[in-house]
Every structure is written in structure tokens, then in C-alpha cells.
Amino acid sequence: MTGASCFHSFYLAFDVVTSPAEMLYGTQLRVPGEFFSQSELRESQTDFLKKLEQAMSELRTSKPAWHSNANPYIDADLQKCKFVFVRTDRVRLSFEAPFEGPYEVDQRCKKYFVVKKGRNKENISIDRLKPPREFPEDMMKTDGKQNNPTQTQKGRNEESENVAENNKPPVQTTRSGRRVKIPSFYY
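A.B. asks: How would you summarise the overall build of the protein chain if you had to cite specific residues and measurements?
C.D. replies: Along the protein chain, the regular secondary structure elements total five helices and nine strands. When the elements of the protein chain are put in sequence order from the N terminus, they spell out α-α-α-β-β-β-β-β-α-β-β-α-β-β. When the 187 residues of the protein chain are sorted by exposure, 9% land in the buried category. Surface exposure of the protein chain reaches about 17,800 Å², of which carbon and sulfur atoms provide 54%.

As C-alpha cells, this is what we get:
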């Protein structure tokens, strides 16, 4: 565009009495206060302040949230048992048991037990205590006999020998000359 044509288009914009928004949207822009109709009933400031004070005095705060107030699990057998295990509350060595004991209970209180540890008596929180478990008779006995580890191991060895005699896996020789027996579950 040449200078004369720029001046001419600028000059025409001054002749138009509308704003650029009116030209673009076809109506005038509204300011935010014009979106809402004004109520004709206006209260006095004193009445408004009285209502505001009354509304604020009726507000109640919500109860605080206690995020760390979780109830710990306490075993029901803990109130009946004569002996307890005590949890080790420190960084343990590898293969160290998580509980020590069993220790005899001397006295029971609501939140702690007095436990005999050797010659000493210690107050220990019930959160750290665990009652000993007794296994049912069914788990200790098999076929009406007391479960003896040596007898059980002998019985297992005899059973495995009988199975091995019936289903002998073939002996194979590897490329290096070693003789190996392939387990039967691969067949």
C-alpha cells in the first residue's frame, strides 16, 4: 500500500462513529456489572451488618482431622495368655527374629503389660505384644501318631525309592561325556 491509501483508510476510520467491537460483534460490549439486573430494594448498611454478624456467629468450625489416630490391631487372646512375645523395635540384623520371648505376664493394665524379663519387670505397650499361638491337634498328628521328623523323613525316602524303582528315568550321556538322569516330570 502506498502512503496515500494508508492515510485514506485511516481517515475513514475516524469518520465512523462506532467502536471496533461494535463493528466486529454488532453490539456494544458489556461491562461485568451490566450482566446482572440491579435490585431496587437496597438495605441500609446497618441492617446488612447486623445480618452479616448474625450469619458469622452461627458458623461453626469443622472438627480437626486426626490422620495419625489409627487404632492398632490388638489380638483378643492377649488378655487371656500367660506368656507373650515382644516385638523388637529397632533395626534388626539379617535373620534376626522380629519377636523376642516368650516372657511371662506379671500384670495387665489398659495400655501396657508388666512383663518379667529374667529378673527384671518391664512395662511394655500392648502395641508391641503378641500372644503365643497353639496349633490344633490335627496339625501335630498324622494318622493318629505324633509327627516325628525322623520317621517322616524315613517314610518319604522309602516312598521316593519305590517311585524311582517303578519309573526309572533313562540315563543319557551329554556331549561332554557326563551321564545324567532326566527327571520324570519332563516326559
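And the narrative resumes.
A.B. asks: Explain the sheet that holds strand S4 (residues 120-125) residue by residue, including any values.
C.D. replies: Strands in a sheet are paired, the pairing made by backbone hydrogen bonds, and the direction either parallel or antiparallel. Strand order in the open sheet formed by five strands is S4-S3-S2-S1-S5, and the pairing between neighbours is antiparallel. In the strand order of this sheet, the two ends are held by S4 and strand S5 (129-130), each with one partner. With two bridges connecting them, strand S1 (residues 83-87) and S5 associate as antiparallel partners. Opposite Val86, over in S5, you have Leu129 as the bridge partner.

A.B. asks: Just give me the short version of the packing of aromatic side chains, but keep the residues and values in it.
C.D. replies: Across all of its chains, the model carries zero aromatic pairs by this definition. Above the plane of the ring of Phe113 lies Arg108, whose end atom (NZ or CZ) is 5.3 Å from the centre. The ring of Phe99 has Lys130 sitting right over it, with the charged end atom 4.7 Å from the ring centre.

A.B. asks: Provide a residue-level description of unusual backbone geometry, including the pertinent values.
C.D. replies: Between Gly101 and Pro102 the backbone carries a cis peptide bond, its omega angle lying at 15 degrees. Note on placement: Pro102 falls in strand S2 (residues 99-108). Even without a glycine there, the phi angle at Phe95 is positive, about 65 degrees. With respect to the helices, strands and loops of the structure, Phe95 is situated in the loop between S1 and S2.

A.B. asks: A description of the pattern of salt bridges should follow, citing residues and the corresponding values.
C.D. replies: In this structure the tally under the stated criterion is nine salt bridges. A salt bridge links Lys121 to Asp106; its shortest N-O distance comes to 2.9 Å. In this pair, Lys121 is assigned in strand S4 and Asp106 in strand S2, connecting sequence segments 15 residues apart. For Asp106, a relative accessible area of 35% translates into the label partly exposed. Residues Glu122 and Lys117 are paired through a salt bridge, measuring 3.9 Å at the closest nitrogen-oxygen approach.

A.B. asks: Before we move on, can you summarise the nonpolar core with the specific residues and values?
C.D. replies: If you look at the biggest cluster of nonpolar residues, it comprises 11 residues: Leu78, Cys81, Val84, Val86, Tyr103, Val105, Phe113, Val115, Ile124, Ile126 and Leu129. Where this core is concerned, the elements lending two or more residues are S1, S2 and strand S3 (112-117).

Procedures and definitions
- Residues numbered from 1 in each chain as written.
- Predicted model: local features only at pLDDT ≥ 70, side-chain atom pairs only at ≥ 80, totals over all residues.
- Heavy atoms only, no water.
- Helix = DSSP H or I, 4+ residues; strand = E, 2+ residues; numbered from the N terminus.
- Buried < 20%, exposed > 50% of the residue type's maximum accessible area, 1.4 Å probe, protein only.
- Areas by Shrake-Rupley, 256 points an atom, 1.4 Å probe, with all protein chains shown as cover.
- Pairing = 2+ DSSP bridges.
- Phe/Tyr/Trp six-rings, centres within 6.5 Å; stacked < 30°, edge-to-face > 60°.
- Lys NZ or Arg CZ within 6 Å of the ring centre and 35° of its normal.
- Salt bridge = Lys/Arg side-chain N within 4 Å of Asp/Glu carboxyl O.
- Core = buried A, V, L, I, M, F, W, Y, C linked by side-chain atoms within 4.5 Å.

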